[in-house]
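Each chain, written out:
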Amino acid sequence: MTGAILAGGSSRRMGTNKAFIKIDGSTIIERSVRLFREVFDDLYIVANDVLLYEHLEARVVSDIIKGAGSLGGIYTAVFHSGEKSVFVAACDMPSLDREAIRRTAEVPLGGFDAVVPFIGGRYHPMHAVYSRKCLKPIKAMIEEGNLRVTDLLDRIRVKRLTEDDFRGLSIESSVENVNTRDDLKRIGRGE
């Protein structure tokens, strides 16, 4: 399977590019790239500014549809995947867990279009697998001006994974992202 890291956000609330926040001596995105190398045969970064990420040991692809946020990033990730599906994570997830990623990625799609963890009473679409069947609904939403990733989940067939599917794994921290300095403090991370 392929893994894609979405790194196109503007990071307005953090005040700096979240991908380059240092935690335990390396940036969040450097850690994510290392982790993805351990799990996936192929990986790439989806970014609105390709040059920012060219120093990383990963292929970097540009957003196909500019200004479409995370939904556009998922579209680009699925589009560029040479396989039937791709695991997608955001660049602002400092505690991604290798085994939680593997568990998500290994779930057979069967008749579903996506595999998405439902942890703590809500979906986590930035720690999920999307199939090529998602391309048309995503494009339609973007054309409608609806960029809410959670709304996509209402338009596709979702295999929902719960805490029971991740017994013994750190899924709660793996799905967590950071948007503000307070988020970093709350999870006890950051330099």
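The following refers to the structure shown. (Residues numbered from 1 in each chain as written. Predicted model: local features only at pLDDT ≥ 70, side-chain atom pairs only at ≥ 80, totals over all residues. Heavy atoms only, no water.)

1. Let's talk about the pattern of salt bridges
Counted by the stated rule, this structure contains 9 salt bridges. Its salt-bridge partner being Arg157, residue Asp113 comes within 2.7 Å of it at the nearest N-O pair. Taken together, the positions of Asp113 in the loop between α3 (98–106) and β7 (114–119) and Arg157 in the loop between α5 (149–152) and β10 (158–161) put the pair 44 residues apart, joining distant regions of the chain. Three or more residues joined by partner-sharing salt bridges are found here, namely Glu38, Arg98, Glu99 and Arg102. (Salt bridge = Lys/Arg side-chain N within 4 Å of Asp/Glu carboxyl O. Helix = DSSP H or I, 4+ residues; strand = E, 2+ residues; numbered from the N terminus.)

2. Details of the pairing of strand β4 (residues 42–47)
Burial analysis of β4 places 5 of its 6 residues in the buried class, the great majority of the element. Alignment of β4 against strand β5 (residues 59–62), held across 4 bridges, turns out to be parallel. From the neighbouring strand, Val46 faces β5, where its bridge partner is Val61. (Buried < 20%, exposed > 50% of the residue type's maximum accessible area, 1.4 Å probe, protein only. Pairing = 2+ DSSP bridges.)

3. Remarks on α3
Helical geometry: 3.6 residues make up each α-helical turn, so side chains three or four residues apart lie on a common side. Of the residues making up α3, those classed as buried are Ala100, Ile101, Thr104 and Ala105. All buried residues of α3 project into a common sector of 130° when viewed along the axis, lining one side. Residues of α3 that are buried make contact with α1 (28–39), β6 (85–90), β7, β9 (127–131), β10 and α6 (171–174). (Arc of directions from axis to C-beta. Contact = heavy atoms within 4.5 Å.)

4. Examining the nonpolar core
Core analysis: the largest hydrophobic core is formed by 63 residues, its most contacted members being Ile29, Phe36, Ile45, Tyr53, Ile74 and Tyr130. For Tyr53, the contacting residues outside a window of four places in its chain are Ala7, Asn17, Ala19, Phe20, Ile29, Ile45, Ala47 and Val60. (Core = buried A, V, L, I, M, F, W, Y, C linked by side-chain atoms within 4.5 Å.)

5. Digging into the pairing of β6
Of all 6 residues in β6, 6 are buried, a share of seventy percent or more. Burial along β6 is two-sided: Ser85, Phe87 and Ala89 facing one way and Val86, Val88 and Ala90 facing the other are all buried. In the sheet, strand β1 (residues 2–6) pairs with β6 via 5 bridges, with the strands oriented parallel. Within the sheet, the bridge partner assigned to Ile5 lies in β6 and is Ala89. In this structure, β6 lies alongside β9, joined through 5 bridges in antiparallel fashion. Across the sheet, residue Ala89 finds its bridge partner in β9, namely His127.

6. Side note on the packing of α1 against α3
Look at α1 against α3: their axes get within 10 Å of each other, and the N-to-C directions meet at 50°. With respect to their mutual orientation, α1 and α3 come out oblique. Crossing hand, α1 versus α3: right-handed. On the side of α1, the interface is formed by Leu35, Phe36, Glu38 and Val39, while α3 contributes Arg98, Ile101 and Arg102. (Axes fitted to C-alpha atoms, helices over the stretch in contact; angles between N-to-C directions. Parallel < 35°, antiparallel > 145°, perpendicular 65-115°, else oblique. Left-handed = near helix turned anticlockwise from the far one by under 90°.)

7. Remarks on the packing of helix α2 (residues 69–80) against helix α4 (residues 135–144)
The contact between α2 and α4 brings their axes to 10 Å, and the two run at 150°. Between α2 and α4, the angle falls in the class roughly antiparallel. As for how α2 packs across α4, the hand of that crossing is left-handed. Listed contacts from α4 to Leu71, Gly72, Ile74, Tyr75, Val78 and Phe79 of α2 are Leu135, Ile138, Lys139, Met141 and Ile142. Counted by class, the contact of α2 with α4 contains 9 nonpolar, 1 polar and 1 charged residues. (Nonpolar A, V, L, I, M, F, W, Y, C, P; charged D, E, K, R; others polar.)

8. Regarding α2
For α2, which comprises 12 residues, the first-to-last C-alpha distance of 17 Å matches the rise-based estimate of 16 Å (1.5 Å per residue) to within 8%. Those residues of α2 that sit buried are Leu71, Gly72, Gly73, Ile74, Tyr75, Thr76, Ala77 and Val78. (Expected span 1.5 Å × (residues − 1).)

9. Looking at the environment of Lys66
Mapped onto the fold, Lys66 is located in the loop between β5 and α2. The exposure class of Lys66 is exposed, given its relative accessible area of 52%. It is 7.2 Å that separates the C-alpha atoms of Lys66 and Asn48, two residues lying 18 residues apart in sequence. At 3.0 Å, the side chain of Lys66 forms a polar contact with the backbone oxygen of Asp63. (Polar contact = N/O pair within 3.5 Å; in protein donor to acceptor, adjacent residues only side chain to side chain.)

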